[in-house]
Amino acid sequence: MGISEPSLLLFLGRLHPLVLHFPVALLIAVVIVEVFARFRGITNSPIFQSTIYFILIVGALSAAVTAAMGWSLAHHGGYVGDTIYWHKRFGLAVALLAILALLFKRLSLQKKMASFKYAYTTTLFLCVSAIFVTGHYGGMLTHGDNFLSSAAPEPMASWLGKTTNRAATDKYLTTDTFTTQIEPILKHYCYQCHGESKQQGGLNLNKQDMALAGGDSGVAAITPGSALNSEAIRRLFMLRENKKAMPPDGKPRPSAEELVALMDWIENGAPWAGEASGPSTFLADILGENAEPADATAIEMLRRTGASVKEISKTNPLLMVNLSLHSYSPQQLTQLLAPLKHNIAWLNLSNNKITKEVSELISECSQITQLILSNSALNDDLIAPIAQLKHLVVLNLTSNEISIDGVNEVIGLPRLERLYLWKNPIETEQLDQLKLAYPSIKITSNIALVQTNASATKRRKTPVKTSTKNIEGVEL
Ligand code: HEC
């Protein structure tokens, strides 16, 4: 019968962002008009006094209503954390101080005593100060914790409590997939509702244990090793019309590439920041047992150029080297990498032009288990030497000029498990044959998506009712 109580309260709560501007404007207007009246010497005018008293009544009442709506929203809207804690308290302070200011104003009008006037001025001043603090926390809730401070110049930014972005400051230190690829996707599409300050559906994707545990449904949002059993992925594939689709309400969705990155990350064990995982890590652990310590000077030289160099672990002298953040000349690349060629296990040279010399040097890095060469101007001739990397497990060749002949050079590598071929001039049929011939190797390419789309279109023409879903709507 009618609307149940919690949803009415939530509805009223949701009016909070709409209504709040009313008391804010009125209470600030009171201050402005008081100051103005003092300058013009009209504070004793009865018309002025009754006008300001009336504005104050409406301001204080609407502040109380707004605060009540805000508490309801905080309670029913899934907000948690420090930000909401302070926003709630300062918001309540605004309402209480506004009511106090109103009382003192009334007393000062009736009794004409200086102490009431003084109390009125003080409470009004505190009230408006509290409005600014509340507004600041409110902004953090709706726009994210760094909304204001990220745009503010120093030293104001630090004063506003700018939290340094780990991904940005540690860019040269961290190479883990989570920090460089996954966190930015989650941050952009999910954290505003499933982060520190808001946990809709009871889900926090910002914390590993909570993401694994899932939200109110009790189903794991992320199941390491199985993307399709992860609720987060299932919901990303749902049709927009589905109420459970994520992100909801026409909010932007991850692109196909981002979706593949997310699924890939989960398939590889969903390692969190600082954790490494996947088959290439296991292999690197074994290879590292007999490896010589790496040349410290060579590591230092490499780091000075802005490259990221990390040891796989404290006990393992093999290195994870990322040179994709800057461009290096082929001579620089060979000079910098040559002294470390027996220690490099992970190498990322994306966005650097690979020449014959560089390609040959890579082929001498005998311990490489993971090699990323996307957007590196590679062609069939340049890729051929890579076929000597007997321990290679993951090879990423996205955005190059490699044809099926080039792929055939490397596909026979004994340990290869994953091959990325996005954006290369390879025909669909050729890829299909490749996948048939090498079923144990996961081959990722844009063709797969195009294909699924094409077959979905084909299916849609048939009269079978269940076939109306396109790739976006595949319910897994
Ligand atoms: C605009 C807010 C919003 C955004 C953005 C958003 N979600 Fe949600 N999410 C919700 C709400 C509300 C619920 C609870 C209702 C439901 O279960 O459908 C929810 C529930 C979920 C659940 C189910 C939790 C459970 O166990 O009940 C998952 C999984 C999920 N979201 C994943 C995501 C992922 C992944 C993203 C980012 C790609 C995302 N959401 C972005 C609002 C959002």
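The residue numbering used here restarts from 1 in each chain and proceeds along that chain's sequence as written. Only residues with pLDDT of 70 or above have their local features reported here, since the model is predicted, and side-chain atom pairs are shown and tallied only from 80 upward, although totals for entire chains, interfaces and linings are computed over all residues. The side-chain quantities take in all heavy atoms of the structure and omit both hydrogens and water.

- An unreviewed UniProt entry annotates the protein as Planctomycete cytochrome C originating from Agaribacter marinus.

1. Overview of the overall build of the protein
So, point 1. Note on conventions: DSSP H or I runs of at least 4 residues are helices, E runs of at least 2 residues are strands, and numbering of each starts at the N terminus. Helix and strand counts for the protein stand at 21 helices and seven strands.
So, point 2. Accessibility here uses a 1.4 Å probe with only protein chains present; expressed as a share of the type maximum, an area under 20% marks a residue as buried, one over 50% as exposed, and anything in between as partly exposed. A burial count over the protein gives 43% of its 476 residues as buried.
So, point 3. Long-range pairs, those at least 24 residues apart, make up 57% of the contacts in the protein between residues at least 6 apart in sequence.
So, point 4. Here the accessible surface of atoms and residues is derived via Shrake-Rupley with a 1.4 Å probe, and residues count as covered only by protein chains that are part of the display. A total of about 25500 Å² of accessible surface is found on the protein, and carbon and sulfur atoms cover 61% of it. We call two residues contacting when some pair of their heavy atoms lies within 4.5 Å.

2. Concerning the confidence of the model for the protein
So, point 1. On average, the protein scores 81 in pLDDT, and the residues at 70 or more come to 83%.
So, point 2. Known as pLDDT, the predictor's per-residue confidence is scaled from 0 to 100. With pLDDT under 50 throughout, residues 447-476 is counted as low confidence; its partners more than four residues away or in other chains account for 38 contacts.

3. Topic: the nonpolar core
Side chains of a nonpolar character, in soluble globular proteins, are inclined to be buried together.
So, point 1. Counting residues in hydrophobic clusters, the biggest one holds 47 residues, and the most contacted among them are L349, I362, L371 and L419.
So, point 2. Taken together, the elements giving at least two residues each to this core come down to α15 (296-304), β2 (316-322), α16 (330-337), β3 (344-348), α17 (356-364), α18 (380-383), α19 (404-410) and α20 (428-437).
So, point 3. When residues no more than four places from it in sequence are discounted, the contact partners of I362 are L347, L349, I354, I368, L371, L373, I386 and L389.
So, point 4. Take the buried Ala, Val, Leu, Ile, Met, Phe, Trp, Tyr and Cys residues and link them wherever side-chain atoms come within 4.5 Å; each set so joined is a nonpolar core. Ranked by size, the runner-up nonpolar core spans 24 residues in total, among them I185, Y191, A211 and I233.

4. Here's the deal with a nonpolar patch on the surface
So, point 1. Patches were defined on residues exceeding 30% relative accessible area and lacking a salt bridge, with like-charge contacts within 9 Å and nonpolar side-chain contacts (Val, Leu, Ile, Met, Phe, Trp, Tyr) within 5 Å. Salt bridges are defined by distance alone: a side-chain nitrogen of Lys or Arg within 4 Å of a carboxyl oxygen of Asp or Glu. A cluster of nonpolar side chains, contributed by L8, L9, F11 and L12, occupies part of the molecular surface with about 330 Å² of accessible area.
So, point 2. Position of L8 relative to the elements: it lies in helix α1 (residues 5-14).
So, point 3. Given the relative accessible area of 38%, L8 is considered partly exposed.

5. Focus: the sheet that holds β3
So, point 1. The pairing criterion is simple: DSSP has to find at least two bridges between the two strands. An order of β1-β2-β3-β4-β5-β6-β7 is seen for the seven strands of this open sheet, with the pairing classed as mixed. At either margin of the open sheet sits one strand with a lone partner, and together these are β1 (308-313) and β7 (442-444). Strand-to-strand twist of the sheet, defined as the mean angle between neighbouring strand axes without regard to direction, takes the value 15 degrees.
So, point 2. With three bridges joining them, strand β6 (residues 418-420) and β7 adopt parallel strand pairing. Throughout, an axis means a line fitted to C-alpha atoms (over the contacting stretch in the case of helices), and angles, computed between N-to-C directions, take values from 0 to 180 degrees.

6. Some points on the packing of helix α9 (residues 177-189) against helix α13 (residues 256-267)
So, point 1. The contact between α9 and α13 brings their axes to 10 Å, and the two run at 125 degrees. Considering the angle they form, α9 stands oblique to α13. As α9 packs across α13, the resulting crossing turns out to be left-handed. Across the interface between the two elements, T177, F178, Q181, I182, I185, L186 and Y189 of α9 pack against E258, A261, L262 and W265 of α13.
So, point 2. Throughout this entry, Asp, Glu, Lys and Arg are counted as charged residues, while Ala, Val, Leu, Ile, Met, Phe, Trp, Tyr, Cys and Pro are counted as nonpolar. The remaining residues, Gly among them, count as polar. Its residues assigned to classes, the contact of α9 with α13 comprises eight nonpolar, two polar and one charged. Should an angle fall under 35 degrees it is taken as roughly parallel, and over 145 as roughly antiparallel, whereas 65 to 115 is taken as roughly perpendicular and any remaining angle as oblique. Left-handed describes a crossing in which the near helix is turned anticlockwise from the far one by less than a right angle; the clockwise case is right-handed.

7. Considering the coordination of the iron atom of the ligand
So, point 1. Here the iron atom of the ligand is held by the protein donor atoms H194 (NE2) and M246 (SD), which lie 2.0 to 2.2 Å from it.
So, point 2. One can describe the site at the iron atom of the ligand as octahedral: its six donor atoms subtend angles covering 87 to 179 degrees at the metal. Of the two residues, H194 is situated in helix α10 (residues 191-194) and M246 in the loop between α12 (231-237) and α13; the sequence distance between them amounts to 52 residues.
So, point 3. A relative accessible area of 23% means that M246 is categorised as partly exposed. Donor criterion used throughout: N, O or S atom within 2.8 Å of the metal, extended to 3.2 Å for Na, K and Ca. Water excluded; incomplete-looking sites may result. Key to geometry: four donors with every angle between 85 and 135 degrees are tetrahedral; four donors are square planar and six octahedral where opposite donors lie over 155 degrees apart and all remaining angles lie between 65 and 115; all other sites are irregular.

8. Description of the site of the ligand
So, point 1. With respect to spatial proximity, 20 residues lie near the ligand, and among them C190, C193, H194, S217 and M246 are the closest.
So, point 2. Under this definition, polar contacts are N or O atom pairs within 3.5 Å; protein pairs additionally need one hydrogen-donor-capable and one acceptor-capable atom, and for neighbouring residues in sequence, both atoms have to be side-chain atoms. Contacts to the ligand include H194, whose side-chain N or O atom sits 2.7 Å from a nitrogen atom.
So, point 3. Elements that contribute at least two residues to the shell around the ligand include exactly α10 and α12.
So, point 4. If one sorts the elements of the shell around the ligand by residue count, α12 sits on top with four residues.
So, point 5. Each residue belonging to the shell around the ligand can be placed in one class, and the counts come to ten nonpolar, six polar and four charged. Think of it this way: one heavy atom of a residue within 4 Å of a molecule or strand is enough to make that residue near it.

9. Here we look at the pattern of salt bridges
So, point 1. Here the structure, examined in full by the defined rule, presents nine salt bridges.
So, point 2. Note that E34 and K105 form a salt bridge whose closest N and O atoms lie 3.0 Å from each other. Taken as a pair, E34 in helix α3 (residues 21-40) and K105 in helix α5 (residues 82-111) lie far apart in primary sequence, 71 residues in all.
So, point 3. Judged by its relative accessible area of 4%, K105 is buried.
So, point 4. In this structure, E300 engages R304 in a salt bridge whose closest nitrogen and oxygen atoms are separated by 3.5 Å.

10. Re the side chain of N322
So, point 1. Position of N322 relative to the elements: it lies in strand β2.
So, point 2. A polar side-chain atom of N322 sits 2.7 Å from a polar atom in the side chain of S324.

11. Describing the environment of S230
So, point 1. Following the sequence through the fold, S230 ends up in the loop between α11 (208-213) and α12.
So, point 2. On the basis of relative accessibility, which here comes to 0%, the residue S230 falls in the buried class.
So, point 3. When the C-alpha positions of S230 and I266 are compared, they lie 8.3 Å apart, and in sequence the two are 36 residues distant.
So, point 4. If sequence neighbours within four positions are ignored, S230 has contacts with A220, A221, I222, T223 and I266.

12. Notes on unusual backbone geometry
So, point 1. Omega for the peptide link from M246 to P247 comes to -20 degrees, which places this bond in the cis form.
So, point 2. Tracing the sequence through the fold places P247 in the loop between α12 and α13.
So, point 3. For N351, which is not glycine, the phi dihedral falls at a positive 70 degrees.
So, point 4. With respect to the helices, strands and loops of the structure, N351 is situated in the loop between β3 and α17.
So, point 5. Using a relative accessible area of 43% as the deciding quantity, one classes N351 as partly exposed.

13. Some words on the UniProt feature "transmembrane region" (unreviewed entry) in the protein
So, point 1. Here the UniProt-annotated "transmembrane region" (unreviewed entry) positions come out as residues 20-39, 51-74, 86-104 and 116-137.
So, point 2. Between the first and last C-alpha atoms of residues 20-39 the distance is 30 Å; the span itself is 95% helix and 0% strand.
So, point 3. Note that residues 116-137 is 100% helix and 0% strand, and that its end C-alpha atoms are spaced 31 Å apart. UniProt positions are given in the numbering used here, feature names are shortened, and annotations may be inferred rather than shown by experiment.

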